[in-house]
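Here is how the chains run, residue by residue.
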Amino acid sequence: GSAATDAPDGPAVAGDQKGTVGIANMNPDGDFARAKVVVDGKSYIIQNNNWGNPSGTDLILSYTNNSFKITSGSGSGASAPASFPSIYIGNNGSTANGVYSTKASDGLPVQISAIKSLPSTLRYSGSTGSFNATYDIWFANSPPTTEYKDGINGFIMVWLRDPGGKQPIGSVMASNVMVAGMPWNVWVGPRGDGPAGYNNAPVVSFVNPTEDNDSRAQSFKDVDLKAFFTAAAGYGIPSTMYLTDVFGGFEIWSGGSGGNLGVDEFKAVVNK
């Protein structure tokens, strides 16, 4: 092919896929690193993103298949998190000619109205200073045709763990709303400034009212994320939007290694 989208989507991998993501003391290059794995025929990207870390050392992730542990480093943020280590599906940012894309198996982008279900698992364990455990789910008004760096037209977050003392964008619009069998506080606000510039795109966050570890949320298994899209429709995420990326991981305001914090399993499968 003659276009970047025609490039190979990475090699098939058999057996356990292991490695590390991140390089210590290599700012700015060490602040953003990725690796690709293939699990059950589906591609996932492990991403180390120390996007808001003005001090501290770069986190290093050790991964096995679709799981990772924070094995080195620390960070310190302010109002914004210091880092967001995660696993995701999507076609986010520069894909290195398809190496860091999951497009061959992710079914994205897809209009919300065309999604029948989106079963997902995000299991985590361990701890660190101040962190949440969250999904970050991005939407666009039309299928992106160029490098897509941000949830510029809206995004949904699902905070499985609320650390206390930190809050999502916006303010509480509803409390104890039942979605996917659990109660959530719904926060809504404008996107504000981001990598793609300033805008007022809607952000809808579903926050676990329990401000500590919650065993139901720690083992968030085979949950249909489409239920959150439906619940967010009344807050500015209409079914005409296109789903582009699904991230699962941790926003870390302070801390890093030492508490064995990690994602034990992440899966997200789009059924159309």
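What you are looking at is a predicted structure, and each value in this text was computed from that prediction instead of being measured. (Residues numbered from 1 in each chain as written. Predicted model: local features only at pLDDT ≥ 70, side-chain atom pairs only at ≥ 80, totals over all residues. Heavy atoms only, no water.)

1. Topic: the nonpolar core
Stage number 1. By size, the foremost hydrophobic cluster in this structure holds 54 residues, and its most contacted members are I156, F206, F229 and L243.
Stage number 2. A per-element tally of this core places strand β9 (residues 130-140) first, with five residues.
Stage number 3. Beyond its immediate stretch of four places on either side in the chain, L243 contacts L108, P109, V110, I115, L118, I137, W138, F139, F229 and V270. (Core = buried A, V, L, I, M, F, W, Y, C linked by side-chain atoms within 4.5 Å. Buried < 20%, exposed > 50% of the residue type's maximum accessible area, 1.4 Å probe, protein only. Helix = DSSP H or I, 4+ residues; strand = E, 2+ residues; numbered from the N terminus. Contact = heavy atoms within 4.5 Å.)

2. Quick word on the pattern of salt bridges
Stage number 1. This model, assessed by the stated rule, comprises five salt bridges.
Stage number 2. For E265, the salt bridge goes to K221, with nearest N and O atoms at 3.9 Å. You can see E265 sitting in strand β16 (residues 262-268) and its partner K221 sitting in strand β14 (residues 219-224), a full 44 residues away along the chain.
Stage number 3. Across the salt bridge formed by K267 and E265, the nearest N and O atoms sit 3.8 Å from each other.
Stage number 4. Classification of E265 by relative accessible area gives buried; the value is 12%. (Salt bridge = Lys/Arg side-chain N within 4 Å of Asp/Glu carboxyl O.)

3. Structural notes on the side chain of T128
Stage number 1. Examined against the element boundaries, T128 turns out to sit in the loop between β8 (119-125) and β9.
Stage number 2. Residue classification places T128 among the buried residues on the basis of a relative accessible area of 16%.
Stage number 3. Separated by 2.7 Å, the side chain of T128 and the backbone nitrogen of G256 make a polar contact.
Stage number 4. Here T128 is in contact with I252, S254, G255, G256 and L261, once residues within four sequence places are set aside. (Polar contact = N/O pair within 3.5 Å; in protein donor to acceptor, adjacent residues only side chain to side chain.)

4. A few points about the confidence of the model for the chain
Stage number 1. In the predicted model, the chain carries a mean pLDDT of 86, and 84% of its residues have values of at least 70.
Stage number 2. At the low end of the mean pLDDT range in the chain sits helix α2 (residues 215-218), at 70; at the high end sits helix α3 (residues 226-232), at 98.
Stage number 3. Contacts from residues 1-13, a stretch scored under 50 in pLDDT, to residues over four places away or in other chains number 17 contacts. (pLDDT = per-residue confidence, 0-100.)

5. Brief notes about unusual backbone geometry
Stage number 1. Cis peptide bonds are those with omega within 30 degrees of zero, and the linkage from L108 to P109 qualifies with -5°.
Stage number 2. Tracing the backbone shows P109 in the loop between α1 (103-106) and β7 (110-111).
Stage number 3. Phi at N65 takes a positive value of approximately 55°, unusual for a residue other than glycine.
Stage number 4. Residue class for N65 comes out buried when judged on its relative accessible area of 16%.
Stage number 5. The residue N260 is not glycine, and still its phi comes out positive at about 60°.

6. As for the environment of V110
Stage number 1. Summarising the element assignment, V110 is placed in strand β7.
Stage number 2. We classify V110 as buried; its relative accessible area is 5%.
Stage number 3. Taking the C-alpha atoms as reference points, V110 and K272, separated by 162 residues in sequence, lie 8.5 Å from one another.
Stage number 4. Setting aside chain neighbours within four positions, we find V110 in contact with I115, M241, Y242, L243, V270 and K272.

7. Brief notes about the packing of aromatic side chains
Stage number 1. Applying the stated rule across the entire model yields 14 aromatic pairs.
Stage number 2. Aromatic side chains Y124 and F250 sit 5.9 Å apart centroid to centroid with 80° between the ring planes, which places their arrangement in the edge-to-face category. Highlighted residues: Y124 in strand β8 and F250 in strand β15 (residues 242-256), separated in sequence by 126 residues. In terms of burial, Y124 and F250 fall into one category: buried.
Stage number 3. An angle of 50° between the planes, with centres 4.9 Å apart, marks the rings of W138 and F247 as tilted. Pair noted here: W138 is in strand β9 and F247 is in strand β15, with a separation of 109 residues, a long-range link.
Stage number 4. Ring-pair connections join several aromatic residues into one group, and the members of that group are Y44, Y135, W184, F206, F220, F228 and F266. (Phe/Tyr/Trp six-rings, centres within 6.5 Å; stacked < 30°, edge-to-face > 60°.)

8. Quick notes on the environment of A133
Stage number 1. Tracing the backbone through its elements, the reader meets A133 in strand β9.
Stage number 2. On the accessibility criterion, A133 (1% relative accessible area) is buried.
Stage number 3. A C-alpha to C-alpha distance of 7.7 Å links A133 and G248, two positions 115 residues apart in sequence.
Stage number 4. With sequence-adjacent residues up to four places away left out, A133 is seen in contact with Y124, V158, W159, L160, R161, G249 and F250.

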